[in-house]
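Listed below are the residues making up each chain.
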Amino acid sequence: MSEMTFEKMINQMTPAIYESLKQAVSLRKWPDGRRLTPEQTELCLEAVMRYEAENNVPEENRVGYLEQRTCGAAASGAGVTPEMAGLARDATRD
């Protein structure tokens, strides 16, 4: 039996395996309920990220993607008052 390298594993990964690893990382559990070790979590996450990069998975579908939220203001935060941003003046320090 030939040795399976990480690179070969990524190249042979199917969409079903990718989804299973992605779910395992998200839940920190294998499909059978056993908890992932920190090392397993790290390797699975690396495999998922490599698969996404090499298979042109859309950014919004990638692990760790955070949608920009602007609360109705421009993405720069222009027009958001300090009070709305939770930066109101602390009256106890006057």
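Rules and cut-offs
- Residues numbered from 1 in each chain as written.
- Predicted model: local features only at pLDDT ≥ 70, side-chain atom pairs only at ≥ 80, totals over all residues.
- Heavy atoms only, no water.
- Helix = DSSP H or I, 4+ residues; strand = E, 2+ residues; numbered from the N terminus.
- Buried < 20%, exposed > 50% of the residue type's maximum accessible area, 1.4 Å probe, protein only.
- Areas by Shrake-Rupley, 256 points an atom, 1.4 Å probe, with all protein chains shown as cover.
- Salt bridge = Lys/Arg side-chain N within 4 Å of Asp/Glu carboxyl O.
- Contact = heavy atoms within 4.5 Å.

As annotated in an unreviewed UniProt entry, the protein carries the name DUF1315 domain-containing protein and is attributed to Vreelandella sulfidaeris.

Per the secondary structure count, the protein includes three helices and zero strands. The order of α-helices and β-strands along the protein, N terminus first, is α-α-α. Burial statistics for the protein: of 94 residues in total, 16% are counted as buried. Total accessible area on the protein is roughly 7,600 Å²; 53% of this is exposed by carbon and sulfur atoms.

Attention shifts here to unusual backbone geometry. At Arg28, a position not held by glycine, the phi torsion is positive, near 60°. Within the secondary structure, Arg28 is located in the loop between helix H2 (15-27) and helix H3 (38-54). In this structure, Asn56 takes a positive phi of about 50° despite not being glycine. With respect to the helices and strands, Asn56 occurs in the segment after H3.

Our focus in this paragraph is the pattern of salt bridges. Evaluated as defined, the whole model comprises three salt bridges. Close ionic contact of Arg34 with Asp32 constitutes a salt bridge, the shortest N to O distance being 2.8 Å. One exposure class covers both Arg34 and Asp32, and it is exposed. One network of salt bridges, in which partners are shared, links Glu7, Arg50 and Glu54.

Okay, the side chain of Thr41 next. In this fold, Thr41 is placed in helix H3. Residue contacts for Thr41: discarding those within four places in its chain leaves Val25, Arg28 and Leu36.

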